[in-house]
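# Coordinates in review
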Amino acid sequence: ADIQPGDRVVDLGSGAGNDAFIARSIVGENGTVIGIDMTPEMIEKANSYKEKLGYKNVEFHLAALESTPVEDNSVDVVISNCVLNLSAAKEKAFSEIHRILKPGAHFCVSDVVIEGEMPAALKRSAELYTGCVAGALQKGDYLEIISKAGFQNIEIKKSRSIDIPKEILKEYLSEEELSRFREDGLGIFSITVVGYKKKI
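Computed from a predicted structure; not experimentally measured.

On to the overall build of the chain, then. Looking only at helices and strands, the chain features eight helices and eight strands. Computed over C-alpha atoms, the radius of gyration of the chain comes to 18 Å, within 12% of the 16 Å expected from 2.2 N^0.38 for 200 residues, which places it in the range of a compact globule. Its C-alpha atoms give the chain principal-axis dimensions of roughly 60 × 40 × 25 Å. For the chain, with 200 residues in total, the buried portion stands at 47%. Considering only intrachain contacts with a sequence separation of at least 6, the fraction spanning at least 24 residues in the chain is 78%. Carbon together with sulfur atoms contributes 49% to the accessible area of the chain, which is approximately 10300 Å² in total. Taken together, the 24 basic and 31 acidic charged side chains of the chain have centroids lying 4 Å from each other.

Here's what the structure looks like:
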């Protein structure tokens, strides 16, 4: 994520704070890390760990990704790990990232995208949804949302294919659908994307 000492970092979907605390180890005493999560239990856990670690420059807020309590143009880096994908309003989520980043600053998010047409039965699967798959967009659509939010120099830094176990496929697809699934060359990928807000 190219976090630097002294940076102000926002972690969207911060959960129990793991990535936020890693970011804190990089920004040091002079930086700030803000975790945003919509689950009260996770915020409570994160704050509990924060107290144990004694960090004064890490804070956690209960809020939606699409509406964060962070000032305009105030953040150096936004990070997120397979959470934006689950947002029902991805356009709003990326617009919010754009709003809070300083001019010239960047985001680095990991997410799941698909290439090819995913069978409806798989999209409805709660099991896959918890793994960030059923809410996944086509890769091209995902990148277009980022571009429309105003970002430039958008780059996929990493891409890794995700294999769905045959047992899961058989549970949700008929033999005919399974055959078509393979023939279509459907791909599910974990990607790490970076994008920059335009400098003034």
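From this point, things continue past the structure.
On to the pairing of strand E2 (residues 32-37). Burial of E2 is extensive: five of the six residues sit out of reach of the surface. Strand direction decides the pairing type here: strand E1 (residues 8-12) and E2, joined by five bridges, are parallel. Opposite Arg8, over in E2, you have Thr32 as the bridge partner. Crossover handedness for the path E1 to helix H1 (residues 18-27) to E2: right-handed. Pairing of E2 with strand E3 (residues 58-62) involves five bridges; the strand directions are parallel. If you follow Ile34 over to E3, its bridge partner there is Glu59.

With that out of the way, let us pick up the layout of surface pockets. Of the volumes computed, that of the largest pocket is approximately 240 Å³. Taken together, Ala1, Ile3, Asp19, Ile22, Ala23, Ile26, Ile79, Ser80, Asn81, Cys108, Val109 and Ser110 make up the full set of residues lining the largest pocket. For the lining of the largest pocket, the secondary structure elements donating two or more residues are H1, strand E4 (75-81) and strand E5 (101-115). In terms of residue count, H1 provides more of the lining of the largest pocket than any other element does, four residues in total. Taken together, the residues of the lining of the largest pocket break down into eight nonpolar, three polar and one charged. Here the second largest pocket defines a volume of roughly 190 Å³. Gly13, Asp37, Met38, Leu65 and Val83 are, among the 13 residues lining the second largest pocket, the residues nearest its centre. Residue composition of the lining of the second largest pocket, by class: seven nonpolar, four polar and two charged.

At a minimum axis separation of 9 Å, helix H3 (residues 90-100) and helix H6 (residues 139-148) run at an interaxial angle of 40 degrees. Taken together, the axis directions place H3 and H6 in an arrangement best described as oblique. As for the relative orientation of H3 and H6, their crossing is right-handed in sense. Residues Lys90, Glu91 and Phe94 of H3 lie in contact with H6, whose contacting residues are Tyr142, Ile145 and Ile146. When grouped by side-chain class, the residues that make up the contact of H3 with H6 number four nonpolar, no polar and two charged.

With respect to the helices, strands and loops of the structure, Asp19 is situated in helix H1. The partly exposed category is assigned to Asp19, whose relative accessible area is 30%. Residues Asp19 and Ser74, spaced 55 residues apart in sequence, show a C-alpha to C-alpha distance of 20 Å. Apart from residues no more than four positions distant in its own chain, Asp19 is found in contact with Asp11, Ile79 and Asn81.

Turn by turn, an α-helix covers 3.6 residues, leaving residues three or four places apart pointing in a common direction. All buried positions along H1 are accounted for by Ala20, Phe21, Ala23, Arg24 and Val27. The arc that holds the buried residues of H1, viewed along the axis, is 155 degrees, so those residues lie on one side. Residues Asn18, Ile22 and Ser25 are exposed on H1 and point more than 90 degrees away from its buried face. Buried residues along H1 sit against E1, E2, helix H2 (40-53) and E3. Downstream of H1 by a residue or two, Gly28 has a phi angle that is positive, lying close to 75 degrees.

Calculation notes
Residues numbered from 1 in each chain as written. Predicted model: local features only at pLDDT ≥ 70, side-chain atom pairs only at ≥ 80, totals over all residues. Heavy atoms only, no water. Helix = DSSP H or I, 4+ residues; strand = E, 2+ residues; numbered from the N terminus. Rg over C-alpha atoms; globule rule 2.2 N^0.38 Å. Buried < 20%, exposed > 50% of the residue type's maximum accessible area, 1.4 Å probe, protein only. Contact = heavy atoms within 4.5 Å. Areas by Shrake-Rupley, 256 points an atom, 1.4 Å probe, with all protein chains shown as cover. Lys, Arg positive; Asp, Glu negative; His and termini not counted. Charge placed at Lys NZ, Arg CZ, Asp CG, Glu CD. Pairing = 2+ DSSP bridges. Right-handed = clockwise from strand over helix to strand, strands pointing away. 1 Å grid on protein atoms, 1.4 Å probe; cavity = no way out; pocket = protein on both sides within 12 Å on 5 of 7 lines; lining within 4 Å. Points joined across faces, edges and corners; volume = space filled by probe spheres on them. Nonpolar A, V, L, I, M, F, W, Y, C, P; charged D, E, K, R; others polar. Axes fitted to C-alpha atoms, helices over the stretch in contact; angles between N-to-C directions. Parallel < 35°, antiparallel > 145°, perpendicular 65-115°, else oblique. Left-handed = near helix turned anticlockwise from the far one by under 90°. Arc of directions from axis to C-beta.

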